[in-house]
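Observations on the three-dimensional arrangement
This is what each chain is made of:
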Amino acid sequence: MTNALKILIADDESPARNRLRELLSEMSNINVVAEAKNGQEALNQANIHQPDIVLLDIRMPGIDGIEAAQHLQKMVKPPAVIF
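Residues numbered from 1 in each chain as written. Predicted model: local features only at pLDDT ≥ 70, side-chain atom pairs only at ≥ 80, totals over all residues. Heavy atoms only, no water.

1. Observations concerning the overall build of the protein
- Tallying secondary structure elements over the protein gives three helices and four strands in all.
- Listing each helix as α and each strand as β along the protein from the N terminus yields β-α-β-α-β-α-β.
- Taking 2.2 N^0.38 as the reference for a compact globule, 83 residues should give roughly 12 Å; the C-alpha atoms of the protein span a radius of gyration of 12 Å, in line with that estimate.
- Total accessible area on the protein is roughly 5,000 Å²; 52% of this is exposed by carbon and sulfur atoms.
- In the protein, the 8 positive side-chain charges and the 11 negative ones have mean positions that sit 4 Å from each other. (Helix = DSSP H or I, 4+ residues; strand = E, 2+ residues; numbered from the N terminus. Rg over C-alpha atoms; globule rule 2.2 N^0.38 Å. Areas by Shrake-Rupley, 256 points an atom, 1.4 Å probe, with all protein chains shown as cover. Lys, Arg positive; Asp, Glu negative; His and termini not counted. Charge placed at Lys NZ, Arg CZ, Asp CG, Glu CD.)

Structure (structure tokens):
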């Protein structure tokens, strides 16, 4: 998995995170490197894991997905964001 896409899943609902992880596990060259249940956690995990893609829920407590995406785009190597 050296060339695998690194994915971060951010959603405040555990069933949604589980379903996304399930769907992604069926794909080759995909590595879910972290999960987050709110925007702040997503930013922290993104800084640690440097994902290629962030699957981001829009409505989350605290920092919502829109604000988190704005912060993610300021990273040195910003990930692609999919809402």
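2. Regarding the environment of Q70
- One can find Q70 in helix α3 (residues 65-72).
- Residue classification places Q70 among the partly exposed residues on the basis of a relative accessible area of 48%.
- Distance from Q70 to V81, taken between C-alpha atoms, is 9.9 Å for residues eleven residues apart in sequence. (Buried < 20%, exposed > 50% of the residue type's maximum accessible area, 1.4 Å probe, protein only.)

3. A few points about the packing of helix α2 (residues 39-49) against α3
- At their nearest, the axes of α2 and α3 sit 9 Å apart, and the two run at 25 degrees to each other. With respect to α3, the element α2 is oriented roughly parallel. Crossing of α2 over α3 shows right-handed handedness. Two secondary-structure elements touch here, α2 through G39, L43 and A46 and α3 through A68, H71 and L72.
- Its residues assigned to classes, the contact of α2 with α3 shows four nonpolar, two polar and no charged. (Axes fitted to C-alpha atoms, helices over the stretch in contact; angles between N-to-C directions. Parallel < 35°, antiparallel > 145°, perpendicular 65-115°, else oblique. Left-handed = near helix turned anticlockwise from the far one by under 90°. Contact = heavy atoms within 4.5 Å. Nonpolar A, V, L, I, M, F, W, Y, C, P; charged D, E, K, R; others polar.)

So, to be careful, I would describe these as geometric facts and stop short of saying anything about function.
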